[in-house]
Amino acid sequence: MKIQSNEKIEALKKKIKGQIVLPDDLNYNEVRKIWNAMIDRRPAVIVQCAEADDVLHAISYARENGLEISIRGGGHNIAGSALCDNGVLIDFSNMKTVSVDVQKKRAYVEPGATLGDFDKAVQAHGLATPVGINSTTGIAGLTLGGGFGWLTRKYGMTIDNLVSAEMVTADGRKIYVSEDENADLFWAIRGGGGNFGVVTRFEFALYPIGPEIFAGLLVFPLDQAKQVLQKHREFVKSAPEELNIWVVIRKAPPLPFLPENVHGKEVVVLAIFYGGDTTEGEKLIDPLRSFGEAYGEHIGVMPYEQWQQTFDPLLAPGARNYWKSHNLTELSDGLLNLIIEFAGKLPSPHCEIFVPLMSGAANRVPSDAMAYGHRDAKFILNVHGRWDEAAQDETCIAWARELFKASAPFASTGAYVNFMSGDEEDRVAAAYGANYSRLKQIKKKYDPENIFHNNQNIKS
Ligand SMILES: Cc1cc2nc3c(=O)[nH]c(=O)nc-3n(C[C@H](O)[C@H](O)[C@H](O)COP(=O)(O)OP(=O)(O)OC[C@H]3O[C@@H](n4cnc5c(N)ncnc54)[C@H](O)[C@@H]3O)c2cc1C
């Protein structure tokens, strides 16, 4: 650990409005914790920013002292790229304000806001935009990698609804990016992650949603998985875009609406969301009940904000995680067989296979419109290796890797960088596909020294 001199730290403290946390401070270990408990890194200096100008000073400090930089939004990234050893952590935990312009249907969001902070502020006005499905995820990392969730079929990905951003660049300038201003950089940050600078404010378009929506879970036994998944595959082909259904395969958690003897058994869950008229939603999803003989269901009218937190208990921080994922243009029978086979050997009660549904508006954006280019992806296969004890590392990681490898022949091109683990550096170029060469040029222009490299790194 490089110990920082008192004089230098005192000088930095005087310049910033936020707080500095150092390794000797009592709260250091708490502050450096991130979502994935497998990642344990010790920054030399944590700058808890209070305003955009603090970022300028943090970057200068890192440059002057030869320290590397990492950036934390919500700290959820599976690869743990929010943290670096011995460097400067630019931490946005204290910048979470979300302001809403109801007339313009716009949200102005600080980079430490979680999806929960965001939903709370916008739902106070009956508004929303597509974000992810776990409310403790950070809006910053999610947006910069792409972002998708229940509203994606109707309104596209999170990046499709990013209107502008305020950024601090590697050479210490505060700039604005949008279709009209620094358009190349705006193109790059919509999918290119934290490679190009530090975002200090996001502006999103909003749409009327809820506040009540129709949603819930239908839980089937694993031995009916093939028929349930085949019927789901057919059903979603013609379903309206207000409807989204994700498949989750795992061991049943002790949910109160499931009989006790089902708890711990392998199940196929259809997680259903309908953002239109709630009575219409009830009618629309009724056929799903006949996909098999369900163990149980919990479906009905509920606040959108509540539904956005449904998966929080299953995805709480503090567990060990290793994820792998593929893009998919279809769910072929061969892939379904594989998923079912691996569901039969889940190595921990928390390991799961998620199959989000994309399609709809997300597929209508041209693939070169912004850095994220996989507009043909209709589904994603997301293998969540998740467990509690270090002793299980090898078994759970092996399970995730084996399913990832076996399912590769069914994958379409590219990958979603936000679901990539820390050992997938050699997959970054392929993840961006045809957009990678433009990303490299923009990286060269805005960060030629690659000071922002704690991410799925684009090297110029
Ligand atoms: C439980 C869970 C559920 C998820 N569900 C979804 C989902 O439904 N949909 C979806 O699309 N994704 C989902 N994800 C993936 C998620 O989008 C990524 O993990 C994302 O990186 C999280 O963002 P964060 O701000 O919390 O991460 P952090 O770890 O804080 O940041 C990740 C990286 O983003 C960059 N970054 C962060 N803030 C800034 C900034 N202000 N300026 C520049 N760069 C920055 C940095 O490179 C940083 O290393 C999920 C992840 C988890 C763990």
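Throughout, a residue's number is its position along its own chain's written sequence, starting from 1. In view of the model being predicted, local features appear only for residues whose pLDDT reaches at least 70, and side-chain atom pairs are presented and counted only at 80 or more, with totals across whole chains, interfaces and linings using the full set of residues. By convention in this description, side-chain values take in all heavy atoms of the structure and omit both hydrogens and water.

1. What to know about the sheet that holds strand β13 (residues 243-251)
Okay, step 1: At least two DSSP bridges between two strands are needed for those strands to be called paired. Segments assigned H or I by DSSP are reported as helices when at least four residues long, segments assigned E as strands when at least two residues long, and all are numbered from the N terminus. Strands sit in the order β15-β12-β14-β13-β17-β18-β16 across an open sheet of seven strands; the sheet is antiparallel. The outermost strands of the open sheet, each flanked by one partner alone, are β15 (296-303) and β16 (320-328). In this sheet, neighbouring strand axes are inclined to one another by 15° on average, regardless of whether the strands run parallel or antiparallel.
Okay, step 2: Summarising the sheet, β13 and strand β14 (residues 266-274) pair through nine bridges and their orientation is antiparallel. Paired with isoleucine 245 across the two strands is isoleucine 272, which belongs to β14.
Okay, step 3: This element, helix α9 (residues 278-285), spans β12 (212-221), β13, β14 and β15 of the sheet and lies at about 20° to β12. Throughout, an axis means a line fitted to C-alpha atoms (over the contacting stretch in the case of helices), and angles, computed between N-to-C directions, take values from 0 to 180 degrees. Note on contacts: a residue pair is in contact if any heavy atoms of the two residues lie within 4.5 Å.

2. Some remarks on the sheet that holds strand β4 (residues 88-91)
Okay, step 1: Spatially, the four strands line up as an open sheet ordered β1-β2-β4-β3, and their pairing is mixed. If you trace the sheet from one side to the other, it starts and ends with β1 (19-21) and β3 (69-72), each paired once. Within the sheet, the average angular offset between the axes of one strand and its neighbour, ignoring direction, is 20°.
Okay, step 2: Strand direction decides the pairing type here: β3 and β4, joined by four bridges, are parallel. Along β4, the bridge assignment pairs isoleucine 69 with valine 88.

3. A word on the nonpolar core
Okay, step 1: Buried Ala, Val, Leu, Ile, Met, Phe, Trp, Tyr and Cys residues form a nonpolar core when they are joined through side-chain atoms within 4.5 Å. Any residue under 20% of the maximum accessible area for its type is buried, any over 50% is exposed, and the rest in between are partly exposed; the area is computed with a 1.4 Å probe on protein chains only. Of all hydrophobic cores here, the largest spans 125 residues; its most connected members are Phe118, Ile189 and Ile353.
Okay, step 2: It is β14 that contributes the most residues to this core, eight residues altogether.
Okay, step 3: Contact partners of isoleucine 189, with chain neighbours within four places excluded, come to Thr143, Leu144, Leu162, Ala165, Met167, Val177 and Phe196.
Okay, step 4: In this structure, Ile16, Ile20, Tyr61 and Phe452 belong to the second largest nonpolar core, which totals 24 residues.

4. Considering the site of the ligand
Okay, step 1: Around the ligand, 35 residues are found, and the nearest of them are Gly73, Gly75, Ser81, Phe148 and Tyr416.
Okay, step 2: Polar contacts, as counted here, are pairs of nitrogen or oxygen atoms within 3.5 Å of one another; within protein the pair requires one atom able to donate a hydrogen and one able to accept it, and residues that are adjacent in sequence qualify only if both atoms are side-chain atoms. A distance of 3.0 Å separates an oxygen atom of the ligand from a polar atom in the backbone of histidine 76.
Okay, step 3: Take glycine 138: an N or O atom from its main chain is 2.8 Å from an oxygen atom of the ligand.
Okay, step 4: Looking at the shell around the ligand, the elements with two or more residues in it are β3, α5 (139-145) and β10 (198-205). Only heavy atoms are used to decide nearness, and a residue is near a molecule or strand if one of them lies within 4 Å of it.

5. What about the packing of helix α11 (residues 333-343) against helix α12 (residues 393-407)?
Okay, step 1: Contact pair α11 / α12: the axes reach a minimum separation of 10 Å and the direction vectors enclose 165°. When the interaxial angle is binned, α11 and α12 end up roughly antiparallel. Every pair of crossing elements has a handedness; the one defined by α11 and α12 is right-handed. Taken together, the residues of α12 that come into contact with α11 (itself represented by Leu335, Leu338 and Phe342) are Trp399, Glu402, Leu403, Ala406 and Ser407.
Okay, step 2: By the convention adopted, Pro, Cys, Tyr, Trp, Phe, Met, Ile, Leu, Val and Ala count as nonpolar, Lys, Arg, Asp and Glu as charged, and the other residues, Gly among them, as polar. Residue composition of the contact of α11 with α12, grouped by class: six nonpolar, one polar and one charged. Working rule for angles: under 35 degrees goes down as roughly parallel, over 145 as roughly antiparallel, 65 to 115 as roughly perpendicular, anything else as oblique. Two helices cross in a left-handed way if the nearer one is turned anticlockwise from the farther one by less than a right angle. They cross in a right-handed way if the turn is clockwise.

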